[in-house]
Amino acid sequence: MQAAPCPLTLSLSLLHCVAHDYMVNNGREYRDPPIKIDVDGLASTMMFSVCGEYLLNGDAQGVQVLQAEGGKQVARMEAQYVRCLAQSKDGRWIAAGTTSGKLLVWDAETYETVFSQEGRSSIHGVDFSPDSSQLVVASWNSAASVWDIATRKEGLTLDHEYNTVIAAKYSPQGDRIATATDRTSVRVWNSSNGCLLVDINATVTPWNNTGLLWSKAHLFIVSRAKMTKIEASTGSVVSEWRVPDGNMPCLAPSQHGEYIAHAEKRTVTFLDTSTHTQLNFIRHSQNIVSIALSPDDRFLAIGGEVGKITIRRLSRVTAPVIQIYDEVLNSWKHDQLTNADESLTTDLSWSTFTTIQNSSHHILASRALVRARLRQWDEAMTDAKESIETLPSIIGYIAKSVVLLGKGERHKAYRACDIAFEHSPSTHVSFLLLIKAIIVFLAGEHDDAISRMDDLIDALHVKSTCYTVQAYMHFLLGNSRMESGDYTGAVRSFERAQAKMRTRTCEALSLVSMIFDWKFDNLTITIQCRLCEALCAAGHPKEAGEVVLQTVNTSGEEVYMSEDLTKWVSDFTQRCLATLGCKGDEVSKATQNDEPSTVDSTLGSPSPSPLLREWARAKLMYSPWKDALTAAVGFTASRFMIYRAICERLETIDHVLDVSECFLQMVNELGREISTHGEQATWAVAFWKGCTEKLERLGDAAADTQQHDDAIRSYSAALSVDFPIPHVFIKRSKVNMAMGLWENALHDANQAMALPSSPWNYENVLVEWTKVNLMDGLWKGALSAACDFKTPRIMIYRTLCEGLETVEGIMDAIECFHHMASELTEETIVQGDQAEWFRDFSYRCSEKLERIGDAAVDSQQPDEALKYYSAALSIHPANTQGVFILRSKVYMKKGLWEDALNDANEAITFDSSSPWGYETMRAVLHGTGRYDDAIQSFETMLVKMGQSADPQVRERCGQYVSPSTIQATIRKIVQRTIRHSPRVLINMTTGRLYNKTEQASAFMLLPIVNELVSSMTTRIDRGRIKREVRQFFRYVMLSHKWEENEPLFQQVIHIAVHDLDQSPTHKKLQMFCKIVRDAGFNWAWSDTCCIDKQDHFVLQEALVAMFKWYRGSALTIVYLRGVRSLSKLGDLVRSIWNTRAWTLQEYVASKVIRFYTEDWTPYLNVGALNHKESPEIISEMEQATEVSAQHLTALRPGLSSIRDKLRLASTRHTTLVEDAAYSLLGIFSVSGIPAIYGEGEGALGRLLAHILTGSGDASILAWTGQSGGYNSCLPAHITVFNQPASSHVPPHIEDAEMEDIITSLRGSAPDLELALKLYDRLNELPSPWFAASRMKLPSIAFKLPQLSPYRTRLDRVYRADTVAFGMVEIKTRQDPSRLNSLYLVHPWLDALLDREDMQSGAFVEDDVEEPSSPGTDDEEMSDAEGEDDLPPLSERGSPSTPPRMDTAPMDRETRALRLIARLRQPFGALLLTLTSTRRRSVVYRRVAADSTITVQLRESVPLSDLLDNVRILDVL
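Definitions and limits used
- Residues numbered from 1 in each chain as written.
- Predicted model: local features only at pLDDT ≥ 70, side-chain atom pairs only at ≥ 80, totals over all residues.
- Heavy atoms only, no water.
- Helix = DSSP H or I, 4+ residues; strand = E, 2+ residues; numbered from the N terminus.
- Buried < 20%, exposed > 50% of the residue type's maximum accessible area, 1.4 Å probe, protein only.
- Contact = heavy atoms within 4.5 Å.
- Areas by Shrake-Rupley, 256 points an atom, 1.4 Å probe, with all protein chains shown as cover.
- Pairing = 2+ DSSP bridges.
- Axes fitted to C-alpha atoms, helices over the stretch in contact; angles between N-to-C directions.
- Expected span 1.5 Å × (residues − 1).
- Core = buried A, V, L, I, M, F, W, Y, C linked by side-chain atoms within 4.5 Å.
- pLDDT = per-residue confidence, 0-100.
- Parallel < 35°, antiparallel > 145°, perpendicular 65-115°, else oblique.
- Left-handed = near helix turned anticlockwise from the far one by under 90°.
- Nonpolar A, V, L, I, M, F, W, Y, C, P; charged D, E, K, R; others polar.
- Disulfide = S-S within 2.5 Å.
- Polar contact = N/O pair within 3.5 Å; in protein donor to acceptor, adjacent residues only side chain to side chain.
- Phe/Tyr/Trp six-rings, centres within 6.5 Å; stacked < 30°, edge-to-face > 60°.
- Salt bridge = Lys/Arg side-chain N within 4 Å of Asp/Glu carboxyl O.

Peer 1: Is there a simple way to explain the overall build of the chain in this structure?
Peer 2: What the chain contains, in helices and strands, is 56 helices and 44 strands. Within the chain, buried positions represent 52% of all 1516 residues. Summarising the internal contacts of the chain: among those between residues at least 6 apart in sequence, 59% fall at separations of at least 24. Accessible surface, the chain as shown: approximately 69100 Å² in total, 49% of it carbon and sulfur.

Peer 1: Where do I start with helix α40 (residues 1022-1032) in this structure?
Peer 2: Helical geometry note: an α-helix holds 3.6 residues per turn, so side chains three or four residues apart project in the same direction. Gly1023, Ile1025, Lys1026, Val1029, Arg1030 and Phe1032 are the residues of α40 that are buried. In this structure, the buried residues of α40 make contact with α37 (963-977), α38 (996-1004), α39 (1007-1015) and β32 (1083-1085).

Peer 1: Mind showing me how you'd approach the sheet that holds strand β28 (residues 308-313) here?
Peer 2: With respect to topology, four strands assemble into an open sheet ordered β1-β28-β27-β26, the strand pairing being antiparallel. Single-partner strands in this sheet number two, and they are β1 (35-38) and β26 (288-293). For this sheet, the mean inter-axis angle between neighbouring strands, taken without regard to orientation, is 20°.

Peer 1: Sorry, what's going on with unusual backbone geometry here?
Peer 2: Phi is mostly negative for residues that are not glycine, and the peptide bonds are mostly trans. Non-glycine residue aspartate 335 carries a positive phi angle of around 65°. Mapping aspartate 335 onto the fold places it in the loop between α2 (326-333) and α3 (337-350). With a relative accessible area of 35%, aspartate 335 lands in the partly exposed category. Located in the positive-phi region is asparagine 1165, a residue other than glycine, with phi close to 55°. Relative to the helices and strands, asparagine 1165 resides in the loop between β34 (1153-1156) and α46 (1175-1185).

Peer 1: Explain helix α27 (residues 793-806) here, please?
Peer 2: For α27, with 14 residues, the first-to-last C-alpha span of 20 Å sits near the 20 Å given by 1.5 Å per residue. The buried fraction of α27 is high, at 11 of 14 residues.

Peer 1: So what exactly am I meant to see when it comes to the pairing of strand β27 (residues 299-304) here?
Peer 2: On any regular strand, side chains alternate: one points to one face of the sheet, the next to the other face. Judged by how many residues are buried, β27 sits mostly within the fold: six of six residues are covered. Two elements, β26 and β27, share five bridges in a ladder whose sense is antiparallel. Residue pairing for β27: isoleucine 288 is matched across the bridge by glycine 304. Hairpin connection of β26 to β27: five residues between the antiparallel strands, including aspartate 297 at a positive phi of 65°. Taken together, the five bridges between β27 and β28 define a ladder with antiparallel strand orientation. Counted as the bridge partner of alanine 301 is isoleucine 311 from β28. The turn linking β27 back onto β28 is made up of three residues, and glycine 307 within it adopts a positive phi angle of 80°.

Peer 1: Explanation requested: the nonpolar core in the structure shown.
Peer 2: Grouped burial of nonpolar side chains is what soluble globular proteins tend to show. Ranked by size, the top nonpolar core spans 166 residues in total, and within it Ile986, Phe1072, Ile1117 and Phe1155 carry the most contacts. The leading source of residues in this core is helix α43 (residues 1096-1112), at 10 residues.

Peer 1: I would appreciate a short explanation of the sheet that holds β32 in the present structure.
Peer 2: Across a sheet, paired strands are connected by hydrogen bonds in the backbone, their directions being either parallel or antiparallel. The six strands lie next to each other as β30-β29-β32-β31-β33-β34, forming an open sheet whose pairing is mixed. Each edge of the open sheet carries a strand with a single partner, namely β30 (993-994) and β34.

Peer 1: Would you explain the confidence of the model for the chain in this entry?
Peer 2: In regions of low pLDDT, the predicted coordinates are not meant to be interpreted in detail. For the chain, the average pLDDT comes to 81, and 83% of its residues sit at 70 or higher. Low confidence marks residues 353-358, where pLDDT is under 50. Its contacts with residues over four positions away, or in another chain, come to six contacts. For residues 581-604, every residue scores under 50 in pLDDT, and the model assigns this stretch 33 contacts once sequence neighbours within four places are set aside.

Peer 1: What am I meant to see in the packing of helix α34 (residues 916-927) against helix α35 (residues 931-947) here?
Peer 2: Any two packed helices are characterised by the angle at which their axes cross and by the distance between the axes. Orientation of α34 relative to α35, taken along the N-to-C sense of each, is 165°, at an axis distance of 8 Å. With respect to their mutual orientation, α34 and α35 come out roughly antiparallel. In this structure, α34 meets α35 at a crossing whose hand is left-handed. Contact residues: α34 offers Trp916, Tyr918, Glu919, Met921, Arg922, Leu925 and His926, while α35 offers Tyr931, Asp933, Ala934, Ser937, Phe938, Thr940, Met941, Lys944 and Met945. Classifying every residue of the contact of α34 with α35 gives nine nonpolar, three polar and four charged.

Peer 1: Please explain the state of the cysteines as it appears in this structure.
Peer 2: Cysteine pairs can be linked by a disulfide, which is a covalent bond between their two sulfur atoms. Taken as a whole and judged by the stated rule, the model has zero disulfides. As a non-bridged cysteine, cysteine 529 has cysteine 532 as the owner of its nearest cysteine sulfur, 6.2 Å distant. Cysteine 529 sits in the buried class, given a relative accessible area of 10%.

Peer 1: Explain the side chain of glutamine 87 here, please?
Peer 2: As for its position among the elements, glutamine 87 is in strand β6 (residues 82-87). Given a relative accessible area of 9%, glutamine 87 falls into the buried group. Within the structure, glutamine 87 has its side chain in polar contact with the backbone nitrogen of valine 50 (distance 3.0 Å). Only 3.5 Å separates the side chain of glutamine 87 from the backbone oxygen of glycine 91, close enough to count as a polar contact. If sequence neighbours within four positions are ignored, glutamine 87 has contacts with Met47, Phe48, Ser49, Val50, Trp93, Ile94, Ala108 and Phe128.

Peer 1: What's the story with the packing of helix α8 (residues 429-442) against helix α9 (residues 446-459) in this structure? I'm lost.
Peer 2: Running from amino to carboxyl end, α8 crosses α9 at an angle of 160°, the nearest separation of the two axes being 7 Å. Here α8 is positioned roughly antiparallel relative to α9, judged by the angle of their axes. Here the hand of the crossing between α8 and α9 comes out left-handed. Contacts from Ser430, Leu433, Leu434, Lys436, Ala437, Val440 and Phe441 of α8 reach α9 at His446, Asp448, Ala449, Arg452, Met453 and Leu456. Each residue belonging to the contact of α8 with α9 can be placed in one class, and the counts come to eight nonpolar, two polar and three charged.

Peer 1: What is the right way to look at the packing of aromatic side chains in this model?
Peer 2: In this description, a pair of aromatic rings is defined by centroid distance and the angle of the planes. Tallied over the entire structure, the rule returns 30 aromatic pairs. Ring centres of tryptophan 1085 and tryptophan 1109 lie 5.8 Å apart, and the angle between their planes is 70°; on these two criteria the pair is classed as edge-to-face. With tryptophan 1085 in strand β32 and tryptophan 1109 in helix α43, this pair connects stretches of sequence that are 24 residues apart. By relative accessible area, tryptophan 1085 is classed as buried at 0%. Under the relative-accessibility criterion, tryptophan 1109 is labelled buried at 5%. Members of the aromatic cluster, joined through ring pairs, are Phe441, Tyr472, Phe475, Phe494, Phe516, Trp518 and Phe520.

Peer 1: Even after reading the chapter, I still don't get the environment of histidine 411, so can you show me in this structure?
Peer 2: Locating histidine 411 in the fold gives a position in helix α7 (residues 410-419). The partly exposed category is assigned to histidine 411, whose relative accessible area is 27%. The spacing of histidine 411 and serine 401 is 10 residues in sequence and 9.4 Å in space, taken between C-alpha atoms.

Peer 1: Sorry, what's going on with the pairing of strand β10 (residues 123-128) here?
Peer 2: With six of its six residues buried, β10 lies for the most part within the structure. Relative to strand β11 (residues 134-139), β10 runs antiparallel, the two being bridged by five bridges. The residue of β11 that forms the bridge with isoleucine 123 is serine 139.

Peer 1: Looking at this structure, I do not really get the pattern of salt bridges. What am I missing?
Peer 2: Two side chains with opposite charge may pair up if their charged atoms get near one another. All told, the structure shown has 46 salt bridges when counted by the stated rule. Among the ionic pairs, glutamate 1011 bridges to arginine 1024, the shortest N-O distance being 2.5 Å. One end of the pair, glutamate 1011, is in helix α39; the other, arginine 1024, is in helix α40, with 13 residues separating them in the sequence. With relative accessibility at 12%, the residue glutamate 1011 sits in the buried group. Notably, a salt bridge pairs lysine 1074 with aspartate 1078, separated by 2.9 Å at the nearest N-O pair. In this pair, lysine 1074 and aspartate 1078 are both assigned in helix α42 (residues 1064-1078), four residues apart and thus about one turn of the helix distant.

Peer 1: Please explain the environment of arginine 375 as it appears in this structure.
Peer 2: Within the secondary structure, arginine 375 is located in the loop between α4 (360-373) and α5 (377-390). Separated by 32 residues in the primary sequence, arginine 375 and lysine 407 have C-alpha atoms spaced 9.3 Å apart.

Peer 1: Would you explain the side chain of serine 1086 in this entry?
Peer 2: Inspection of the secondary structure assignment puts serine 1086 in the loop between β32 and α43. You can call serine 1086 buried: its relative accessible area is 1%. Separated by 2.9 Å, the side chains of serine 1086 and threonine 1088 make a polar contact.

Structure representation (structure tokens):
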């Protein structure tokens, strides 16, 4: 049978055994074994992460990140010889310093380097600010530096005068930085500005940031065998105590600063920072080089010298979790027990239907504890039993134990608590032992309970919770003894409670408070208050007073935040002071023995005692000072000391008026005593001086805010004692004047003047009187009222003038000034200092009038500005010329040019050496349209500026632009504007031909040029010049069909157009010019008379540039010969003009065009300004060209859309064969082909060869018909290009079909390899090009067998059965039997290689910007020479570097397979024959076919054959 349980109680040792047995039976150990980790090298520095889950170890290779639970390495950050570590408080950053001086910061989440900084000396400490924004670094180079994390830049530098900095730490608030050096120096700095606050003479032994610790407002400094606690704000020593001796101790503070782990050699000692006692110690197996405590006090890490780290779990009290809703928990914590009971009942009723049913035993146990607090014992017992029956838990048994204790069954309560160990995890054993001790205490066994707490404290590493509970037990014992009258015993209990008390709060204490209603909030203050009560009751008021003072000094803020505590301090100190009065023997004894007393005071004391001061502080927080004075009647302190304490406290809390009243009462009551006592008199004078300063500041503030009564009250209080101050009388006099109390003001003035060194006189009163009388602005009434004044008349005038000036009545001030000048004699005005005042006032007012005038100008009030400027001139200002200039500018704005001119002349007359009058004169002359005179004035101004003696004026000269510079700029812009215009134009004013020099001269003679020059003085407005120039040089082009007897250049060069003899062609030119002139244009151009065709260079230029000329024109007028005025739709299409080759580019190039019939009426009577926007005409032109108007408009000169341009030209006719080519020079922007009339069809060949070489576009070869003489691959006539080019190119394959083909081809590995080779070979080939008349043609050539005639009756058709294509039919007029070897050639490589964009039929724009022209509306024109010219073909492409289009973004294998798919498509082949030459080189000629030779490769043709047939053919 099982042994019976121990009766009554279990001792602590027995409980430990029971708990251990329970843990072993459940397969768990009570204490977790330490974790040992092998590391590389010495663990020189360690720290836990802010979350406590990871240990950071710094060694020679970097920083290891280890799991605190288990010791597994998570990451490693590389560094060399890490000396110190820190992590930011928000957990984002990890910083390290190395022996080489390198600073590193890593991201704590990714462990990636954020930044690193190389240094010159070893780093001994790093620490983050509390807000994690800054990092302080302590280094060997005698400085600590502060780095900004966001900017990665160094901010403050804290210099230490050649001393090595071994530690640097931020204060918990972040407002200060503490540093330590290798000498006897610890310094505290302001972290914001780097100012030194305190320099402490102390030695820090440990390096690497471990010997300097912050705890709230204190510093802990560790030196050899000693630890010192220092007040950081003053540097004074609070306490010091011995620690184990050693050369280099290791330190680690707890998170709350309650204890410090101190390691020396092989021992870690835990030291209490409050009691300076040893709490516990841990032995280690090797010498210790570093230690670290986790933030939650769970772990201690120990670094050994042989490469081992040991992580120990520290024992502490851990409370179980109450698993109820937060709302219920909060009600319980705040003693809202009824609400908590109701909420738990509701939650319990829902537990049957919701997922919280598994936690119903927690709800029942919690309700049992709540009901126990409500003294509902039976209901609480029912809940506790039901909770245990549902699921046994630690909370359930605790509830049962508490209820049993409440019902008086303490033995059952003990047993219930013992059984709880069976259901408790190892982490909660300490908490159960704590609860058991409390239950034993509440059962009345106080000594046993306190003994249990002592044993539990000895067994734990983290003891603060147990200390606090034990302190509460002593506190309860003290209360009990106070009730029983055992005051001496109560004092002992309260003193023990005070010694045991710790300030840290935790979940365990919170749970104890909830269960037992033990209040730990403000427990320290409560214990001290009760100790005071006990001491006083025991007959020790002096000691009680000392405790009160100690309480207030250590917890003053907490005390005085509570009204109840404040009143208690007031009442208790009053009781102590009164009690001390009844115990005079103790006081006298202390006095006789010369023992200093901090509590009592006598009449001879130099100042109020601290207890008296504290009484005054507490009393005056909620009581008037008179009540406090009445309450102090029984005090032993002298009446003066009581008054002094009250006055000083009132001053401290800024009750300055009460201070003055109290001080005055003290003087009235104790005046004789104070005067005979030297120290008291000295204090009274010094104190009242400070009070009067405060009263004066208070009065100043009230006066500034117009609170006159308060100001008078404050000033009067400052003057209430017989310590008169002159300037306070002055201030009160001013306030009286502000209130209109002139008698009082004069009285104060008299008082002030009667005092020595008074700055006051009657002039001040006069000034203030003036201010009041001028409030309505009627200065003349004030002047009349002052007739009886004894003051000199000029002083009254002066005061009035200055008063008017002050109140912004400046115009009245000027009027008063003139009135004074007219009334007083000149002798009076110039007498004494009057002349100087007269001059200063006039200058001052003129400056103010000038500023007001300027403001009126800025606010668009010219009349007001004129008024103020005129007033300034009336008093002869110092800046007379400047005011004349300002007024002249206002006159100009109003359009009063004559007045403006007069003021400008006055300004020049006043100072002819000044340039500014001439500047104003220029502006006036410019405004009146006298531009020549304006330019002359401006030039004079520049000369005056250059001659000025003022270097600043000479320097400003460089800010202006001379007229010559502007004129040069205009000429330059003119030249650039007409650079792309036709060489010769017809001037509409004279009717004469003007070359470009004459055109430029015509503009420079215009009035607008002088206007431009005159208007631009400081900046050249190139935009406006360009607009004016372009507007003037807009020109109109004529498009027509040439007729006989057209007026040529040689005929018109010497005669005006309107003077030509009458003829139909002359009339055509004259009517064209008339329309141009009537439309408002200045220039016209006709190809009949504006081109000197005898000059080959001029002709060549015109052929190439004509497209650009038409493009740059403002308007093109088309003359439709043969179209009558009654025109109808279709006449334009059928007109002769529409059939000519030259008119194609004229229509396409022109942006604005108008069609006129033969009698010069608009075609179809269309009134639109631009017939290209007329729907009727657009439709007709689209029908004629078979191209949409949108595409025609998009057509640009250059080597794009070649086939489309050739197709458009193929339908046009020319009189001369060569013009079929020359009319296309402008369209293709070809400038390298000379015009050679007489060469015949060779002109077309040269043009096409040039285009092919420049573009690489093989579509030029896609035609059928007769070959030309220039090269067999080029046609004889342009008409062949009316055929579509797409008939030769392989047809397009849709994407889906292409994907299917590629998929089927991927399976054959040999074919894929050959396909890749074939693709690479073709892709390496250049585009076709010409060298002279010989063409290099990259292609795939297939040799044909012998052709045999198939049908010759109507068409000559030949056939051949080929291996590659099967049966091939060829239509040709030549006899193949007479030709050498024949080849079918595939030249469409761009189509095979997915470079179809080069042969696209879409109209696209060239990547060449068109030149700006006079007919465009562009605002800006580049100043770069030739920027708009097209580059020559030699720069655009060459046979060695042919232009290529970017292929589609696909892999090489896919492109190769797409090539194979396209090779199997039908295509139009070229027929070539082998021809021998004199040099016996292999050359070919094209055999002209009458129709497209369409063939298709057979599937059976191997790719190797295709690869062998790839070549570059030389074609003649």
